[in-house]
Amino acid sequence: MDELKTVREMIHDAVHRGLCTPEELRDELAQASTIGSALPRIVVNALQDGVDSAVEQWLESVLERSGLPDPARNAELRTSDGEVVGVADAWWPQVGVAVQVRHAEVALEPSKVSEAPALVAPGLIVVQVSPARLRDEPLVVIQELRAAHRRARQRPPPDVGFAPAAPAA
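S.K.: Please provide a residue-by-residue account of the overall build of the chain, values included.
M.R.: From N to C terminus, the chain includes 6 helices and 5 strands. Counting helices and strands in the order they occur from the N terminus, the chain gives α-α-α-α-β-β-β-β-α-α-β. Within the chain, buried positions represent 38% of all 169 residues. Looking at the chain alone, contacts between residues at least 24 apart form 63% of all its contacts between residues at least 6 apart. Of the roughly 9,800 Å² of accessible surface on the chain, 53% is carried by carbon and sulfur atoms.

Laid out in structure tokens, this is it:
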């Protein structure tokens, strides 16, 4: 394998499926020859540092390929009176469409992840998607996003504001 993207997807998938831990991969790479290990070392170091989960990469790929305007990422949505509606992984404020990924499905420790409540606000269109669908059915997800945008453009956007979500502690 000679493409960083492919190596990253393979390693993230193995870790998220529980086949190994980042620590085990790091130890294995420390004992292995350096020949041909540059890309896996980059990915394992990034994974260890919590950078770029596979799910985020799959979502980014879908968003890039969709042909839709660039959305806000990790947006905390709020009603006009300031009530927090929830966090959208992707948010198009111009039309009121949000993407919410069910992250707990691939968490390394699912019991420690509290699933985000469904986004609900008058007029808000939410596309909920599983990580597996982002990975295995990106074209179907893209079609769903485009359809949500078409529906959303046929009515005024909802009265929902947003701010960058606070990073997880």
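Having seen the model, we can carry on.
S.K.: Go over the packing of helix α4 (residues 54–66) against helix α6 (residues 138–152), please, and point to the residues and values.
M.R.: It is the contact of α4 with α6, at a shortest axis distance of 10 Å, that shows an interaxial angle of 55 degrees. Taken together, the axes of α4 and α6 are oblique relative to one another. Every pair of crossing elements has a handedness; the one defined by α4 and α6 is right-handed. Touching Val62, Leu63, Arg65 and Ser66 of α4 are Pro138, Leu139, Val141, Ile142, Leu145 and Arg146, all from α6. Grouping the constituent residues of the contact of α4 with α6 by class yields 7 nonpolar, 1 polar and 2 charged.

S.K.: Go over the nonpolar core with me, naming the residues and quoting the values.
M.R.: With 22 residues, the main nonpolar core has Trp92, Val97, Val99, Val101, Leu134 and Leu145 as its most contacted residues. Taken together, the elements giving at least two residues each to this core come down to α4, β2 (84–92), β3 (97–101), β4 (125–129) and α6. The element contributing the most residues to this core is α4, with 6 residues. Setting aside anything within four residues of it in sequence, one finds Trp92 in contact with Leu63, Leu68, Pro69, Asp70, Pro71, Val97, Val99, Leu145 and His149. Of all hydrophobic cores here, the second largest spans 11 residues; its members include Val85, Ala98, Ala121 and Leu124.

What counts and how
- Residues numbered from 1 in each chain as written.
- Predicted model: local features only at pLDDT ≥ 70, side-chain atom pairs only at ≥ 80, totals over all residues.
- Heavy atoms only, no water.
- Helix = DSSP H or I, 4+ residues; strand = E, 2+ residues; numbered from the N terminus.
- Buried < 20%, exposed > 50% of the residue type's maximum accessible area, 1.4 Å probe, protein only.
- Contact = heavy atoms within 4.5 Å.
- Areas by Shrake-Rupley, 256 points an atom, 1.4 Å probe, with all protein chains shown as cover.
- Axes fitted to C-alpha atoms, helices over the stretch in contact; angles between N-to-C directions.
- Parallel < 35°, antiparallel > 145°, perpendicular 65-115°, else oblique.
- Left-handed = near helix turned anticlockwise from the far one by under 90°.
- Nonpolar A, V, L, I, M, F, W, Y, C, P; charged D, E, K, R; others polar.
- Core = buried A, V, L, I, M, F, W, Y, C linked by side-chain atoms within 4.5 Å.

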